[in-house]
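Here is how the chains run, residue by residue.
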Amino acid sequence: KAKEMGRDHYCFFSADMQAQSSRLLRIENGLRTAIAQGEMSLHFQPQWRVHDRRMVGVEALLRWTHPELGVVGPAEFIPVAESSGQIIDIGLWVLDTALACLRRWRDAGHTDLTVAVNLSLAQFRHPDLVEVVQKALQRAGVPAEVLELELTESIAMHEPEKAIACVRALADLGVQLSLDDFGTGYSSFSYLQRLRVHRLKIDQSFVRNLDTARGMSIVRAIVEMSRSLGLATIAEGVETPHQLEALAGLSCDMVQGYHLSRPLPVPALEALLEQRALASDIAA
Ligand code: C2E
Ligand code: MG
Ligand code: MG
Ligand code: MG
């Protein structure tokens with residue numbers, strides 16, 4: 001009987017795995033033509049400065065609508081693109097598209113707005129990254145200071161010494177660097193001091209725990225450590241008024257999350273930019 005059950009279980013598992021691998025194959029194949037066929041787009045999630053409640057930045061987040069699979073999230077397709085090497089072309093498209101949007105917003109008067117672009121491990125390790133970024137800035141005609149590049153703590157820790165050199169080279173261009181998903185990796189105080197990013201993005205798992213005393217002390221510790229290292233902080237995944245209040249009380253510099261705004265398609269973001277001066281509803 002146990003044997004029968006085992007066999008059933010095996011069959012079930014195998015069918016499941018087959019479905020999964022065919023989905024992965026379709027994703028990998030679909031990615032080859034996704035950009036050319038106009039299936040990719042960027043959404044932009046606003047970022048607010050806490051002390052004067054001004055929206056001062058946006059993070060570019062990649063969106064893909066597959067012709068048959070429908071919307072496929074970046075958490076699913078970025079790893080596929082990463083292992084197939086397609087992330088290099090896709091990443092360049094993201095950079096160019098985000099900077100072209102920023103150029104348009106700057107031309108409309110929003111010259112203090114920054115745009116943050118996520119880097120993948122393969123992009124970060126690519127020997128031409130600095131040149132690629134420099135050329136993209138030139139093509140778009142925007143100054144380096146308004147571009148922010150996000151690398152995750154785990155990307156940085158993949159090759160810690162190389163990351164230090166690479167961050168330095170990018171910072172020398174004038175771009176801002178932030179450490180995404182901070183707190184989920186293993187960087188030490190001394191490593192952070194040497195890495196020289198400008199900003200830590202407090203991972204949403206910590207923000208979610210702000211309702212507890214223990215969660216509060218962890219975020220307080222991160223903010224205080226950042227300050228002593230001369231780094232700014234931004235909390236991601238802010239979903240409730242209470243979390244926002246707690247972060248303001250802890251003097252976190254910036255906030256981003258569904259409570260303030262979801263990632264928006266370009267027209268909605270542009271509408272928000274237009275009323276930016278009036279957007280004092282952050283604590284609503
Ligand atoms: P991330 O860079 O840490 O981005 C934050 C993710 O949290 C985004 O998911 C965003 O939509 C989501 N988010 C924002 N506010 C909230 C909130 O209040 N609550 C919750 N639960 N989630 C919130 P998304 O867009 O699905 O992206 C997932 C990840 O995929 C990103 O994490 C990033 O690592 C990666 N990614 C997205 N776009 C790109 C890209 O252009 N290039 C690369 N290399 N990676 C990207
Ligand atoms: Mg990010
Ligand atoms: Mg993050
Ligand atoms: Mg993340």
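Everything here concerns the structure above.
Residues numbered from 1 in each chain as written. Chains lettered and ligands numbered in written order. Predicted model: local features only at pLDDT ≥ 70, side-chain atom pairs only at ≥ 80, totals over all residues. Heavy atoms only, no water.

**Student:** Quick rundown of the pairing of strand E2 (residues 54-66)? Include the residues and the values.
**Tutor:** Burial analysis of E2 places 10 of its 13 residues in the buried class, which makes it a mostly covered element. With antiparallel pairing between neighbouring strands as the criterion, strand E1 (residues 40-49) and E2 make up a hairpin whose turn holds 4 residues, including Arg53 at a positive phi of roughly 55 degrees. As defined by bridge partners, E2 adjoins strand E4 (residues 114-118) across 4 bridges and the pair is classed as parallel. When the bridges of E4 are listed, Gly57 appears paired with Thr114. Sheet topology places E2 next to strand E3 (residues 70-72); 3 bridges connect them, and they run antiparallel. (Buried < 20%, exposed > 50% of the residue type's maximum accessible area, 1.4 Å probe, protein only. Helix = DSSP H or I, 4+ residues; strand = E, 2+ residues; numbered from the N terminus. Pairing = 2+ DSSP bridges.)

**Student:** If you had to explain the site of ligand 1 to someone new, which residues and values would you point to?
**Tutor:** With respect to spatial proximity, 22 residues lie near ligand 1, and among them Arg63, Asn118, Asp180, Glu239 and Tyr258 are the closest. Note that an oxygen atom of ligand 1 is positioned 3.3 Å from one of the side-chain N or O atoms of Gln204. Note that an oxygen atom of ligand 1 is positioned 2.7 Å from one of the backbone N or O atoms of Tyr258. Burial of ligand 1 by the surrounding chains reaches 83%, relative to a free accessible area of 800 Å². At a threshold of 2 Å from the grid points, most atoms of ligand 1 map onto the largest pocket. Those elements giving two or more residues to the shell around ligand 1 turn out to be E2, helix H2 (74-84) and strand E6 (176-182). Of the residues forming the shell around ligand 1, the biggest block, 4 residues, is contributed by E2. Its residues assigned to classes, the shell around ligand 1 shows 9 nonpolar, 6 polar and 7 charged. (Near = heavy atom within 4 Å. Polar contact = N/O pair within 3.5 Å; in protein donor to acceptor, adjacent residues only side chain to side chain. Areas by Shrake-Rupley, 256 points an atom, 1.4 Å probe, with all protein chains shown as cover. 1 Å grid on protein atoms, 1.4 Å probe; cavity = no way out; pocket = protein on both sides within 12 Å on 5 of 7 lines; lining within 4 Å. Sits in = over half its atoms within 2 Å of the grid points. Nonpolar A, V, L, I, M, F, W, Y, C, P; charged D, E, K, R; others polar.)

**Student:** Which residues make up the nonpolar core, and what are the values?
**Tutor:** Phe44, Leu99, Phe124, Leu147 and Leu149 are the most contacted members of the largest nonpolar core, which has 81 residues in total. Among the elements that make up this core, the one with the highest residue count is helix H3 (residues 87-107) (9 residues). Other than its neighbours up to four places away in sequence, Leu147 contacts Leu95, Leu99, Val115, Val117, Val133, Leu137, Val175 and Gln176. (Core = buried A, V, L, I, M, F, W, Y, C linked by side-chain atoms within 4.5 Å. Contact = heavy atoms within 4.5 Å.)

**Student:** Quick rundown of the coordination of the magnesium ion (ligand 3)? Include the residues and the values.
**Tutor:** For the magnesium ion (ligand 3), the protein coordination sphere consists of Asp180 (OD), Asp181 (OD), Glu236 (OE) and Glu236 (OE), at 2.0 to 2.6 Å. Mapping the donors of the magnesium ion (ligand 3) onto the primary sequence gives the spacing D-D-x54-E. Distance-wise, the magnesium ion (ligand 2) is placed 4.3 Å from the magnesium ion (ligand 3), both being coordinated by Asp180. Of this pair, Asp181 sits in strand E6 while Glu236 sits in strand E8 (residues 232-236), placing them 55 residues apart in sequence. (Donors = N, O, S within 2.8 Å, 3.2 Å for Na, K, Ca; no water.)

**Student:** Which residues make up the packing of aromatic side chains, and what values do they have?
**Tutor:** What describes a pair of aromatic rings is the distance from one ring centre to the other and the angle between the planes of the rings. Within the structure shown, the criterion is met by 2 aromatic pairs. Geometrically, the ring pair formed by Phe44 and Trp105 is edge-to-face, given 5.0 Å between the ring centres and 80 degrees between the ring planes. Pair noted here: Phe44 is in strand E1 and Trp105 is in helix H3, with a separation of 61 residues, a long-range link. Classification of Phe44 by relative accessible area gives buried; the value is 0%. Consider the rings of Trp64 and Phe77, whose centres lie 5.5 Å apart with planes at 85 degrees: the pair is edge-to-face. Taken together, the residues Trp64 in strand E2 and Phe77 in helix H2 connect sequence positions 13 residues apart. (Phe/Tyr/Trp six-rings, centres within 6.5 Å; stacked < 30°, edge-to-face > 60°.)

**Student:** Give a description of the packing of H3 against helix H12 (residues 266-274) that names residues and reports values.
**Tutor:** Across the interface, H3 lies against H12 with an axial gap of 12 Å and an inter-helix angle of 30 degrees. Between H3 and H12, the interaxial angle falls into the category roughly parallel. Pair H3 / H12 crosses with right-handed handedness. On H12, the residues touching Cys101, Arg104 and Trp105 of H3 are Val266, Leu269, Glu270 and Leu273. Residues belonging to the contact of H3 with H12 are distributed by class as follows: 5 nonpolar, no polar and 2 charged. (Axes fitted to C-alpha atoms, helices over the stretch in contact; angles between N-to-C directions. Parallel < 35°, antiparallel > 145°, perpendicular 65-115°, else oblique. Left-handed = near helix turned anticlockwise from the far one by under 90°.)

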